[in-house]
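Structural characterization, general
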Amino acid sequence: QVQLVESGGGLVQAGGSLRLSCTASGRTVRNYDMAWFRQPAGKEREFVAVRRWSDGVTHYADSVKGRFTISRDNVKTMVYLQMNSLKPEDTAVYCCAARSSGDSDWAFWGQGTQVTVSS
């Protein structure tokens, strides 16, 4: 199965920026929608952003609109999350996810990377 690995998390001051990366292991010809989710400590996992393979259309959670940008490298099957103007409430474990463009379920998940925003 596809294995996703995130990187780029860390500690940042409020107002700062981070870029998260997600890579898929191995070579594949399968096309995927890619997304980012996050889970603050003690809270439920929530949707952050998605980029559709077929046409590149993106959607964002209201809480991150105007601050976060999802992008991908289709050749490498990688996805990025550029996070600007970070707030303490953005602190969470961030996970990338993938699904075949024709599916409705997110079949593959990364292990997550911690993002901590200090005030």
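Scroll up to find the structure.
Report on the accompanying structure. (Residues numbered from 1 in each chain as written. Predicted model: local features only at pLDDT ≥ 70, side-chain atom pairs only at ≥ 80, totals over all residues. Heavy atoms only, no water.)

Turning to the state of the cysteines, a few remarks are in order. Counted by the stated rule, this structure contains 1 disulfide. Between the sulfur atoms of Cys-22 and its disulfide mate Cys-96 the distance is 1.9 Å. On the sign convention where negative is left-handed, the bridge of Cys-22 and Cys-96, at about 55 degrees about the S-S bond, is right-handed. Of this pair, Cys-22 sits in strand S3 (residues 18-24) while Cys-96 sits in strand S9 (residues 92-100), and the two are 74 residues apart along the sequence. Here Cys-22 falls in the buried class, since its relative accessible area comes to 0%. On the basis of relative accessibility, which here comes to 0%, the residue Cys-96 falls in the buried class. (Disulfide = S-S within 2.5 Å. Helix = DSSP H or I, 4+ residues; strand = E, 2+ residues; numbered from the N terminus. Buried < 20%, exposed > 50% of the residue type's maximum accessible area, 1.4 Å probe, protein only.)

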